[in-house]
Amino acid sequence: MSDYKYSIDAENVNKIYFKKSNKIEALINFNIKIKKNSIYGLLGPNGAGKSTFINILGGLVKKSNGIVKICGIDIDQDSKKSKFKIGIVPQELNIDPFFSPVELLELQAGLYGIPKNKRKTEEILDNLKLTDQRNAYARTLSGGMRRRLLIAKALVHSPEMLILDEPTAGVDIDIRSSVWNYIKKINNSGTTICLTTHYLEEAEQLCDYITILNEGRVIASDSKKNLLSLISIKKVSFILKKEQLIPNSVKRFKYNLNENILNIEYDKNKTSLNEIIKLLDQEKIEFTEINTYESNLEDTFLKLIKD
Ligand code: ADP
Ligand code: MG
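In this text, all values refer to a predicted model and were calculated from it rather than measured experimentally.

A. Spatial organisation of the domain arrangement of the protein. Segmenting the protein into domains produces domain 1 (1–85 + 159–175 + 186–228), domain 2 (97–158) and domain 3 (233–306). Using C-alpha coordinates to define each centre, domain 1 is positioned 24 Å away from domain 2. For the pair domain 1 and domain 2, the interface holds zero salt bridges. Counting only elements with at least two residues in the side of domain 1 that touches domain 2, the list comes to helix 2 (79–84), strand 7 (161–165) and helix 6 (173–188). Of the residues in the side of domain 1 that touches domain 2, the class split is nine nonpolar, no polar and three charged.

B. Molecular detail of the sheet that holds strand 5 (residues 73–74). Strand order in the open sheet made by the four strands is 2-1-4-5, with antiparallel pairing throughout. Two strands bound the open sheet, and with one partner strand each, they are strand 2 (22–35) and strand 5. With two bridges joining them, strand 4 (residues 65–70) and strand 5 adopt antiparallel strand pairing. Considered in strand 5, the bridge of Lys-69 is made with Asp-74. Its contacts with the sheet place helix 1 (residues 50–57) against strand 1 (6–19), strand 2 and strand 4, and it is angled at close to 115° to strand 1.

C. Representation of the nonpolar core in the model. Ranked by size, the top nonpolar core spans 38 residues in total, and within it Leu-128, Ile-151, Leu-162, Leu-164, Ile-183, Ile-193 and Leu-195 carry the most contacts. Of the domains in this structure, domain 1 (1–85 + 159–175 + 186–228) and domain 2 (97–158) are the two that each give at least three residues to this core. Setting aside residues no more than four positions away along its own chain, Ile-183 makes contact with Ile-39, Leu-164, Pro-167, Ile-193, Leu-195 and Leu-206. In terms of nonpolar packing, the next biggest core, distinct from the first, is built from 25 residues, Ala-10, Val-68, Ile-75 and Ile-163 among them.

Rules and cut-offs
Residues numbered from 1 in each chain as written. Chains lettered and ligands numbered in written order. Predicted model: local features only at pLDDT ≥ 70, side-chain atom pairs only at ≥ 80, totals over all residues. Heavy atoms only, no water. Domains from an automatic or database assignment. Salt bridge = Lys/Arg side-chain N within 4 Å of Asp/Glu carboxyl O. Helix = DSSP H or I, 4+ residues; strand = E, 2+ residues; numbered from the N terminus. Nonpolar A, V, L, I, M, F, W, Y, C, P; charged D, E, K, R; others polar. Pairing = 2+ DSSP bridges. Contact = heavy atoms within 4.5 Å. Axes fitted to C-alpha atoms, helices over the stretch in contact; angles between N-to-C directions. Core = buried A, V, L, I, M, F, W, Y, C linked by side-chain atoms within 4.5 Å. Buried < 20%, exposed > 50% of the residue type's maximum accessible area, 1.4 Å probe, protein only.

Following this line, the structure appears as structure tokens:
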């Protein structure tokens, strides 16, 4: 096996789509280095260019220029070998409804030219908890099972890296956490992971490193730890017992009062929620309910673009 430090190393990648007379710059001087064995998140809103990059890795989209290496292999020099290093789980759950999990994995292994005695179909099904469904038509599988089946399919050739495009977009919360667990498990077994997401929470839960993309450009790229300390604005809202005037001590926060709902934004690196609650207490502002909000990606963008 070749020795390499980065599972993905992309330099100055540009992708321009031409649609009729329109020029769409989907990736602009895009750079990324994904360390071997890490879980890396590509974060950004719809249209940021995430799938475009994943599809370049998978050979489905041709970059306009730039250099992309997968596990040390330049995709322009040996696209077949570089594709073999990765397994891609697409965003859409498109599975032939009349194939069973066993048939689907066997078919995929055949496409990769893996001889029958080297296939790991049963082991993969077991790892992804699909053994009971091994012979069921895909159309009878639940959304969570289909997602796992697509992950299983991407693993048949034992890739060194697994790439998941929006693995939990539109899936239920409970399924989301089970998908996260599988991703962590696969990573623990030594597989590098790259996933795209538009959920900040997902990146927070899973990723060691994060690149934030917006309109084709990287707006931040760092370890999760460093990025989270940047994203320190939190929101809390209090439902007040009665409408009342807001004292100056509270006005030092960015706030708004909408009838009896008081919304406050604070910097978690400077203030704690506890301090705010104490302050309201001192000011005799009574409330019946507290709701806290994690800052979302949009807040992050706004902050990053503003700075
Ligand atoms: P994301 O996955 O982050 O939502 P995409 O990579 O799908 O973003 O899209 C990035 C931009 O490229 C968007 O403006 C999108 O409309 C455009 N785009 C994506 N695929 C094509 C295509 N095949 N032809 C033309 N434009 C495309
Ligand atoms: Mg996408």
